Amino acid sequence: MKAIEHGTPESVWVSQPIGRDVVKAFNNILAYTLENKGTSQESENRIAMAISGNRSSEKEKVATLINGIGFDIVDNRQLTDSWKHQSGTPAYCTELTKEELSVALEKANKANAPLLRDKIIENFSHEDTVNLNRKIYNEK
């Protein structure tokens, strides 16, 4: 766990002992969102999920699954970038569209993420969590 404490994203750490490629996905939406807010591809304001991974072929499989259950996809590049959609970042559990999620991923600040994550944990209802995430990540 020292690697994680020194900044290695959890998904990178997980991939090492299992010796397998990992695609990080499904972590930047709440269970309620996953169950209730998937829509057709033509829907306006469709919620997006971030995915990170090192192999395009594996990310394409995951992206197909995500699209099939009603969500857009934003490719967040390599697995080392997966911290950008962990808790404490603007992309985490904020129910953003593809365009909004792309911006949120770019705004992520690795040093601030643990502090912001701890602020979020204090509130647990679905709507409160989404609204608080949006407010905190948009503060200047």
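Described in the following lines is the structure provided in the data block. All values derive from a computational prediction rather than experimental measurement.

### With respect to helix H4 (residues 56-68)
Right, on to step 1. Relative to the 18 Å expected for 13 residues at 1.5 Å per residue, H4 spans 18 Å between its end C-alpha atoms, a close match to the ideal helical length.
Right, on to step 2. Every buried residue of H4 is listed here: Lys59, Val62, Ala63 and Ile66. Along the axis of H4, the buried residues cluster in a sector spanning 105°; they form a single face. In H4, those exposed residues whose orientation departs by more than 90 degrees from the buried face are Glu60, Lys61, Thr64 and Gly68.

### So, a nonpolar patch on the surface
Right, on to step 1. A surface patch of nonpolar side chains, about 310 Å² in accessible area, is lined by Phe26, Leu34, Leu65 and Ile69.
Right, on to step 2. Counting through the fold element by element, phenylalanine 26 comes out in the loop between strand E1 (23-24) and helix H3 (31-36).

### Digging into the sheet that holds strand E3 (residues 72-75)
Right, on to step 1. Reading across the sheet, the three strands line up as E1-E2-E3 and stay open at both edges, with mixed pairing between neighbours. The strands lining the two open edges of the sheet, one partner per strand, are E1 and E3.
Right, on to step 2. By the bridge criterion, two bridges tie E1 to strand E2 (residues 48-53) in an arrangement that is antiparallel. Within the sheet, the bridge partner assigned to lysine 24 lies in E2 and is serine 52.
Right, on to step 3. Relative to E3, helix H5 (residues 98-107) is tilted by about 25°, and along the sheet it contacts E2 and E3.

### Topic: unusual backbone geometry
If a residue is not glycine, its phi is most likely negative; likewise, a peptide bond is most likely trans.
Right, on to step 1. Notably, asparagine 45 is not glycine yet its phi reads approximately 60°, a positive angle.
Right, on to step 2. With respect to the helices, strands and loops of the structure, asparagine 45 is situated in the loop between H3 and E2.
Right, on to step 3. Located in the positive-phi region is glutamate 95, a residue other than glycine, with phi close to 50°.
Right, on to step 4. If you trace the backbone, glutamate 95 turns up in the loop between E3 and H5.

### Details of the pattern of salt bridges
Right, on to step 1. Applying the stated rule across the entire model yields nine salt bridges.
Right, on to step 2. Of the charged contacts in the structure, one is a salt bridge between aspartate 21 and arginine 55, with a shortest N-O distance of 3.0 Å. Taken together, the residues aspartate 21 in the loop between helix H2 (10-18) and E1 and arginine 55 in the loop between E2 and H4 connect sequence positions 34 residues apart.
Right, on to step 3. As a salt-bridge pair, aspartate 72 and arginine 46 come within 2.8 Å of each other at their nearest N and O atoms. A residue pair is termed long-range when its members are at least 10 positions apart, and aspartate 72 in strand E3 and arginine 46 in the loop between H3 and E2 qualify at 26 residues.
Right, on to step 4. Of the residues examined, aspartate 72 reaches a relative accessible area of 19% and is grouped as buried.
Right, on to step 5. For arginine 46, a relative accessible area of 3% corresponds to the buried category.
Right, on to step 6. Shared partners join several salt bridges into a network, and the residues in it are Asp21, Arg55, Glu58 and Lys61.

Calculation rules
- Residues numbered from 1 in each chain as written.
- Predicted model: local features only at pLDDT ≥ 70, side-chain atom pairs only at ≥ 80, totals over all residues.
- Heavy atoms only, no water.
- Helix = DSSP H or I, 4+ residues; strand = E, 2+ residues; numbered from the N terminus.
- Expected span 1.5 Å × (residues − 1).
- Buried < 20%, exposed > 50% of the residue type's maximum accessible area, 1.4 Å probe, protein only.
- Arc of directions from axis to C-beta.
- Patch = residues over 30% accessible without salt bridge, like charges linked within 9 Å, V, L, I, M, F, W, Y side chains within 5 Å.
- Areas by Shrake-Rupley, 256 points an atom, 1.4 Å probe, with all protein chains shown as cover.
- Salt bridge = Lys/Arg side-chain N within 4 Å of Asp/Glu carboxyl O.
- Pairing = 2+ DSSP bridges.
- Contact = heavy atoms within 4.5 Å.
- Axes fitted to C-alpha atoms, helices over the stretch in contact; angles between N-to-C directions.

As far as function goes, none of this settles anything; it's purely spatial.
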